[in-house]
Amino acid sequence: MDTRHDQLYQQDVHDPYLRHWHAHGNALCPECGVSYRAGRWSWEGLDDAEQAERTLCPACRRIADKAPAGNLTLAGSFVREHSDEICNLLHNTEALEKREHPLERLMTISDEAEGLTVTTTGMHLANRLGHVLEAAFKGHADYSYSDDRSALRIRWERD
């Protein structure tokens, strides 16, 4: 894995869920309601929703495939002692990000022996969560990309 964290790669170039999207006109995700128009996924409704192609958006496809683009491991005694506060921060950050970027979503937050594991549908949300955790709670985060730059793994730790 590439350990550069000073550069966030272009998701539409490296993400196979975005790279292979070929909508012919407008589309509507039957799972979450996000719409596709003019090369962009948005929460804005479609004027011709009845004629729009019904297809899962890339985020819903990732969720169905259980294929996260972002994976955060939160470790340390601080995580176990403050998991409610951390989860609230994660959910609030996702809500802000998702308003402007509907394909950036939390997939799972699960309790693990060393702390929490968080998965996201996009690398940008994962990156933002890592920076938000560092800003709010200090600690240390390590960022690493998969070799094909289609996934981001972050380990944030604070004792």
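Residues numbered from 1 in each chain as written. Predicted model: local features only at pLDDT ≥ 70, side-chain atom pairs only at ≥ 80, totals over all residues. Heavy atoms only, no water.

1. So, the packing of helix α5 (residues 83-100) against helix α6 (residues 123-137)
Part 1: Put simply, α5 and α6 touch, their axes get as near as 10 Å, and they point 135° apart. The orientation of α5 with respect to α6, classified from their angle, is oblique. Remark: the crossing between α5 and α6 carries right-handed chirality. Contacts from Glu85, Ile86, Leu89, Leu90, Thr93, Glu94, Leu96 and Glu97 of α5 reach α6 at His124, Leu125, Arg128, Leu129, Val132, Leu133, Ala136 and Phe137.
Part 2: Within the contact of α5 with α6, the residues separate by chemical class into ten nonpolar, two polar and four charged. (Axes fitted to C-alpha atoms, helices over the stretch in contact; angles between N-to-C directions. Helix = DSSP H or I, 4+ residues; strand = E, 2+ residues; numbered from the N terminus. Parallel < 35°, antiparallel > 145°, perpendicular 65-115°, else oblique. Left-handed = near helix turned anticlockwise from the far one by under 90°. Contact = heavy atoms within 4.5 Å. Nonpolar A, V, L, I, M, F, W, Y, C, P; charged D, E, K, R; others polar.)

2. What to know about the sheet that holds strand β9 (residues 152-157)
Part 1: Taken together, five strands build an open sheet; the order of strands is β6-β7-β5-β9-β8 and the sheet is mixed. Bordering the open sheet on either side are β6 (106-112) and β8 (140-145), each of which pairs with just one other strand. Averaged over all adjacent pairs, the angle separating strand axes in this sheet is 15°, with direction ignored.
Part 2: In the sheet, β6 pairs with strand β7 (residues 115-120) via six bridges, with the strands oriented antiparallel. (Pairing = 2+ DSSP bridges.)

3. With respect to the side chain of serine 150
Part 1: Position of serine 150 relative to the elements: it lies in the loop between β8 and β9.
Part 2: At 2.7 Å, the side chain of serine 150 forms a polar contact with the side chain of aspartate 148. (Polar contact = N/O pair within 3.5 Å; in protein donor to acceptor, adjacent residues only side chain to side chain.)

4. As for the sheet that holds strand β4 (residues 53-54)
Part 1: Taken together, four strands build an open sheet; the order of strands is β3-β2-β1-β4 and the sheet is mixed. Every interior strand has two partners, whereas the edge strands, β3 (40-42) and β4, have only one.
Part 2: Judged from the two bridges that link them, strand β1 (residues 27-28) and strand β2 (residues 35-37) form a sheet pairing that is antiparallel. The residue bridging alanine 27 from the neighbouring strand is tyrosine 36, located in β2.

5. Some details on the environment of leucine 103
Part 1: Relative to the elements of secondary structure, leucine 103 occurs in the loop between α5 and β6.
Part 2: For leucine 103, a relative accessible area of 16% translates into the label buried.
Part 3: In the structure, leucine 103 is positioned 69 residues away from valine 34 in sequence and 8.7 Å away in space, judged by C-alpha atoms.
Part 4: If near-sequence neighbours (up to four positions away) are discounted, leucine 103 is found in contact with Leu18, Trp41, Cys57, Pro58, Ala59, Thr121 and Gly122. (Buried < 20%, exposed > 50% of the residue type's maximum accessible area, 1.4 Å probe, protein only.)

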